[in-house]
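Architecture and fold: a report
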Amino acid sequence: MTHTSVDTGRRQTSRLASLDGLRGVAALVVVVHHSFLTSAVLLGPYLKDPVRFEPWTWQWILTATPLHLLWDGTSAVFVFFVLSGLVLALPAASGTPARWDVYYVRRLLRLYLPVWGSLAFAWVTTVLVDRHQGLGSTWLQHREAYSLSGLPRDALLVGGVDALNGSLWTLQWEVIFSLLLPFYLLAARLLRRWLPAVAVLLLALVGVGWVVNALGPLRYLPVFGLGVVMAFERDRLGRVAAALDARRHAWAVAYGAVAVAVSAYWMIFLVTTPSELVAAFGHTTGVAGAALAVFCAWHGPALRRVLESPPVQWLGTRSFSLYLVQEPVVAAVAISWTVTVGPLLTAAVAVPVSLACAALFYVVVERPSHRLSQRAGRAVARRRTAPAAPVDAAPASQATAEGLPVTR
């Protein structure tokens, strides 16, 4: 390898590390989000008929300004979905041959084994802390609506989940997207010349999904598609990033645009009357903001430095574990005692407890599951290639033997 190719490889690795950091920050936002939803007051804006607060009250400041970014779990989920689409599509977009048998074995084990571990963890929390106490917001009270008879559906994911670990609803869409990935990649190749227009179409489909409840999959599956588009448009995005590098304050403007776009759903009601169309526009803008956040994390120098810092990288490595354990922890902490004294104390207790449980879950469940998925992928690759391979053949490359990389 030449010096230039080594340097380019290091930059690419660094950029992917920053995406790990972004995933970790998004997972932490979800913990705060659920901690705040234990409060009936802060749950108000998320109800079917949203509560609107008087301007300049503390509730209004937390909800209707960019401070909502600190606990906007919906936008964090959008970021997760864009990241999954981007990272899973990057190898194919870069020309790496796909081994779909290896990919499916690795990907499904990588997702399902930690999910099953999280269901066992959630059940333990219900044994330690009885959820049937009718405390806190309706969101918290709904956590008591779990049933062990619903475990098979929870374990399968694709049919939806109940309240034992409600956060698994996002894994439903992760699994569906993972199964459909070949079709996303095929569509991206066939429409390669028109991918910018495809991105606009995907955003429009998201808006339709939020207007028409019966078309719920349109709310989420196109979000993964935006990540796929970003993977295939990586060279164009690199040129955009270079143009921003050349202009003073350009990245600061980009970061500000992320804050405004992601906060659009909440800020738009400051100037207009709430309606389904307005809400759909706000959510669609939030999805665009999530894609822009991924772009800035991928290429923005200042943001990358923060996301590549050791504490954030630690968080990113354990982001999947954190996401899987946090809701049962929040429910247990809130019901135990913090819900009676407010959401800030709930967050102050639930965040460190969730981080501690995530660290343990990562060591006991997620990391072994990941290793097992890698071994299974290599076994499938060897089984397929062994008959045609000479006895003394060198092992296949890691990229070929293990298929496409996984995220979350």
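Residues numbered from 1 in each chain as written. Predicted model: local features only at pLDDT ≥ 70, side-chain atom pairs only at ≥ 80, totals over all residues. Heavy atoms only, no water.

For the protein chain, the count of helices and strands is 19 helices and 0 strands. Classification of the 408 residues of the protein chain by burial places 52% in the buried group. Sequence-distant contacts, at least 24 apart, represent 78% of the contacts inside the protein chain between residues at least 6 apart. Carbon and sulfur atoms make up 68% of the accessible area of the protein chain, which amounts to about 18600 Å² in all. (Helix = DSSP H or I, 4+ residues; strand = E, 2+ residues; numbered from the N terminus. Buried < 20%, exposed > 50% of the residue type's maximum accessible area, 1.4 Å probe, protein only. Contact = heavy atoms within 4.5 Å. Areas by Shrake-Rupley, 256 points an atom, 1.4 Å probe, with all protein chains shown as cover.)

Take a nonpolar patch on the surface next. A cluster of nonpolar side chains, namely Trp123, Val124, Val127, Leu128 and Leu148, defines an oily patch on the protein surface of about 500 Å² accessible area. With respect to the helices and strands, the residue valine 124 is situated in helix H5 (residues 100-128). According to the relative accessible area criterion, valine 124 is partly exposed, its value standing at 38%. (Patch = residues over 30% accessible without salt bridge, like charges linked within 9 Å, V, L, I, M, F, W, Y side chains within 5 Å. Salt bridge = Lys/Arg side-chain N within 4 Å of Asp/Glu carboxyl O.)

When two helices pack together, you describe them by how their axes are tilted relative to each other and by the distance separating the axes. Contact pair H5 / helix H17 (residues 319-336): the axes reach a minimum separation of 9 Å and the direction vectors enclose 25°. For the element pair H5 / H17, the angle class is roughly parallel. The handedness of the crossing between H5 and H17 is right-handed. On H17, the residues that touch Arg110, Leu111, Pro114, Val115, Ser118, Phe121, Ala122 and Thr125 of H5 are Phe320, Leu324, Val325, Pro328 and Val329. A class-by-class count of the residues in the contact of H5 with H17 yields 10 nonpolar, 2 polar and 1 charged. (Axes fitted to C-alpha atoms, helices over the stretch in contact; angles between N-to-C directions. Parallel < 35°, antiparallel > 145°, perpendicular 65-115°, else oblique. Left-handed = near helix turned anticlockwise from the far one by under 90°. Nonpolar A, V, L, I, M, F, W, Y, C, P; charged D, E, K, R; others polar.)

This brings us to the layout of surface pockets. Counted as a void, the largest pocket has a volume near 1300 Å³. Tyr46, Leu47, Trp210, Arg219 and His283 are the residues nearest the centre of the largest pocket, which is lined by 42 residues in total. (1 Å grid on protein atoms, 1.4 Å probe; cavity = no way out; pocket = protein on both sides within 12 Å on 5 of 7 lines; lining within 4 Å. Points joined across faces, edges and corners; volume = space filled by probe spheres on them.)

The next subject is empty space enclosed by the protein. Taken as a whole, this structure holds 1 cavity of 30 Å³ or more when the rule is applied. Its boundaries defined by the atoms lining it, the largest cavity holds a volume of some 50 Å³. Lining the largest cavity are Asp72, Thr74, Ser75, Phe78, Val262, Tyr265, Trp266, Gly282, His283 and Gly286. Counting only elements with at least two residues in the lining of the largest cavity, the list comes to helix H4 (73-93), helix H13 (264-267) and helix H14 (276-299). Split into classes, the residues belonging to the lining of the largest cavity amount to 4 nonpolar, 5 polar and 1 charged.

A separate point is helix H9 (residues 195-211). In this model H9 runs 24 Å from its N-terminal to its C-terminal C-alpha over 17 residues, within 8% of the 24 Å that 1.5 Å per residue would give. Turning to H9, its buried residues number three or more, namely Leu195, Val198, Ala199, Leu202, Val206, Gly207, Gly209 and Trp210. In the core, the buried residues of H9 are packed alongside H4, helix H8 (169-190), helix H10 (217-232) and H14. (Expected span 1.5 Å × (residues − 1).)

Next up on the list: the packing of aromatic side chains. Overall, the coordinates contain 19 aromatic pairs when judged by the stated rule. Site record: aromatic cluster; members linked through ring pairs are Phe81, Trp169, Trp173, Phe177, Tyr184, Trp210, Tyr220 and Phe224. Here the guanidinium or amino end of arginine 143 rests over the ring plane of tryptophan 139, the centre of that ring lying 4.4 Å away. (Phe/Tyr/Trp six-rings, centres within 6.5 Å; stacked < 30°, edge-to-face > 60°. Lys NZ or Arg CZ within 6 Å of the ring centre and 35° of its normal.)

Relative to the elements of secondary structure, alanine 250 occurs in helix H12 (residues 250-262). The exposure class of alanine 250 is buried, given its relative accessible area of 13%.

Here H10 is 16 residues long and its end C-alpha atoms lie 23 Å apart, about the 22 Å a rise of 1.5 Å per residue gives. Across the 16 residues of H10, 14 count as buried, placing the element largely inside the fold.

Within the secondary structure, aspartate 162 sits in the loop between helix H7 (151-156) and H8. Among buried Asp, Glu, Lys and Arg side chains, aspartate 162 stands out as unpaired, with arginine 153 the closest opposite charge at 5.2 Å. A distance of 3.1 Å separates the side chain of aspartate 162 from the backbone nitrogen of leucine 164, its partner in a polar contact. Residues in contact with aspartate 162, not counting those within four places in the same chain, are Tyr146, Ser147, Gly150, Arg153 and Asp154. (Lys, Arg positive; Asp, Glu negative; His and termini not counted. Polar contact = N/O pair within 3.5 Å; in protein donor to acceptor, adjacent residues only side chain to side chain.)

With that out of the way, let us pick up the confidence of the model for the protein chain. Chain-level pLDDT for the protein chain is 89 on average; 90% of the residues reach the 70-or-more range. For the stretch residues 1-11, pLDDT sits under 50, and the model shows 2 contacts to residues farther than four places along the chain or on other chains. In the predicted structure, residues 388-408 sits below a pLDDT of 50 and forms 43 contacts with residues beyond four places in sequence or in another chain. (pLDDT = per-residue confidence, 0-100.)

Turning our eyes to something else, we now look at the nonpolar core. In terms of nonpolar packing, the biggest core is built from 108 residues, with Leu171, Met230 and Val294 touching the most fellow members. Residue contributions to this core peak at 15 residues, all from H4. Once you skip the residues sitting within four places of it in the chain, methionine 230 turns out to touch Val82, Leu86, Leu237, Ala291, Val294, Phe295 and Trp298. If you look at the next biggest cluster of nonpolar residues, it comprises 6 residues, including Tyr265, Trp266, Ile268 and Val278. (Core = buried A, V, L, I, M, F, W, Y, C linked by side-chain atoms within 4.5 Å.)

Turning next to the pattern of salt bridges. Within this structure, the stated rule accounts for 7 salt bridges. A salt bridge links aspartate 101 to arginine 99; the nearest nitrogen and oxygen atoms lie 3.4 Å apart. Residue glutamate 366 is joined to arginine 110 by a salt bridge in which the shortest nitrogen-to-oxygen separation is 2.9 Å. Taken together, the positions of glutamate 366 in helix H18 (residues 343-385) and arginine 110 in helix H5 put the pair 256 residues apart, joining distant regions of the chain.

Tracing the chain through its elements places serine 167 in the loop between H7 and H8. Assessed through its relative accessible area of 1%, serine 167 is described here as buried. Each C-alpha atom of the pair serine 167 and valine 30 lies 9.3 Å from the other, and the pair is 137 residues apart in sequence. Ignoring anything within four residues of it in the chain, the contact list for serine 167 reads His34, Tyr323, Gln326 and Glu327.

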